[in-house]
Amino acid sequence: MSSIKYPFTTQSNGIVQTTDSSAKIYLDKVTTLLSTNVGQRPMLPTYGVDWSLALFENDGDVELALPRAINAAISTWIPSISVESINVEPDYLNGTENVTINLKLPDNTLTSLTINSSVINYDGTIK
């Protein structure tokens, strides 16, 4: 299976870069889902994660709201992936959250993705 590489890039000769790594393909799908704010995609109004609602919960509730939002989005839009765990750790020094998502891919490979909330733009996209 081959897929367009995320982020979208081209080679010097103009050919779109692709990847054959199934782990990379699934991580790209998760990254795309996480970088889309709910309501941002035409024809798929529920696609994405509502980061702003989850991140601006009252203190202490972020650690509950963020995993719920991420888990719901992944189970709805990429059901072939199992979420093993989602860890949210506050970075008090910078006022951000470090989110680590542990995933089980369809081929039973375990992988993880870590995102810091400081890379989330106001509109939900990832910098």
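Remember, it's a predicted structure, so these values are computed and weren't measured experimentally.

Thresholds applied
Residues numbered from 1 in each chain as written. Predicted model: local features only at pLDDT ≥ 70, side-chain atom pairs only at ≥ 80, totals over all residues. Heavy atoms only, no water. Helix = DSSP H or I, 4+ residues; strand = E, 2+ residues; numbered from the N terminus. Buried < 20%, exposed > 50% of the residue type's maximum accessible area, 1.4 Å probe, protein only. Contact = heavy atoms within 4.5 Å. Areas by Shrake-Rupley, 256 points an atom, 1.4 Å probe, with all protein chains shown as cover. Core = buried A, V, L, I, M, F, W, Y, C linked by side-chain atoms within 4.5 Å. Pairing = 2+ DSSP bridges. Expected span 1.5 Å × (residues − 1). Axes fitted to C-alpha atoms, helices over the stretch in contact; angles between N-to-C directions. Polar contact = N/O pair within 3.5 Å; in protein donor to acceptor, adjacent residues only side chain to side chain.

(A) Summary view of the overall build of the protein. Secondary structure assignment for the protein yields three helices and five strands. Helices and strands in the protein line up, N terminus first, as β-β-α-α-α-β-β-β. With 127 residues in all, the protein has 35% of them scored as buried. Contacts spanning at least 24 positions in sequence make up 34% of the contacts within the protein whose residues lie at least 6 apart. Carbon and sulfur atoms make up 53% of the accessible area of the protein, which totals about 7,500 Å².

(B) How the structure looks around the nonpolar core. Ranked by internal contacts, the top residues of the largest apolar core, which has 22 residues, are V30, L34, I70, I74, I81 and I101. Looking at which element gives the most residues to this core, the answer is helix α1 (residues 22-34), with five residues.

(C) Geometry of the pairing of strand β4 (residues 96-104). Sheet topology places strand β3 (residues 82-91) next to β4; nine bridges connect them, and they run antiparallel. Counted as the bridge partner of S85 is N102 from β4. Connecting β3 to the next strand, β4, in antiparallel fashion are four residues, including G95 with a positive phi near 70°. Hairpin geometry of β4 and strand β5 (residues 110-116) is characterised by an intervening segment of five residues between the two adjacent antiparallel strands and by a positive phi of about 70° at N108.

(D) A look at α1. In this model, α1 (13 residues) spans 18 Å end to end at C-alpha, consistent with the 18 Å of a helix rising 1.5 Å per residue. Looking only at α1, the buried set comprises I25, Y26, L27, D28, V30, T31, L33 and L34.

(E) The arrangement of the sheet that holds β5 in detail. Read from one edge to the other, the open sheet built from three strands follows the order β3-β4-β5, with strand pairing classed as antiparallel. Here the strands that pair on one side only, and so sit at the sheet edges, are β3 and β5. Strand-to-strand twist across the sheet, computed as the mean angle between neighbouring axes with direction ignored, equals 15°. Running over the sheet, α1 touches β4 and β5 and is turned about 30° from β5.

(F) Summary view of the side chain of S35. Tracing the backbone shows S35 in the loop between α1 and α2 (51-55). Within the structure, the side chain of S35 is placed 3.1 Å from the backbone oxygen of T32, a separation counted as a polar contact.

(G) Region of interest: the environment of T36. Assignment of secondary structure puts T36 in the loop between α1 and α2. Spatially, the C-alpha atoms of T36 and G48 are 4.7 Å apart, while their sequence positions differ by twelve residues. Only 2.8 Å separates the side chain of T36 from the backbone oxygen of T32, close enough to count as a polar contact.

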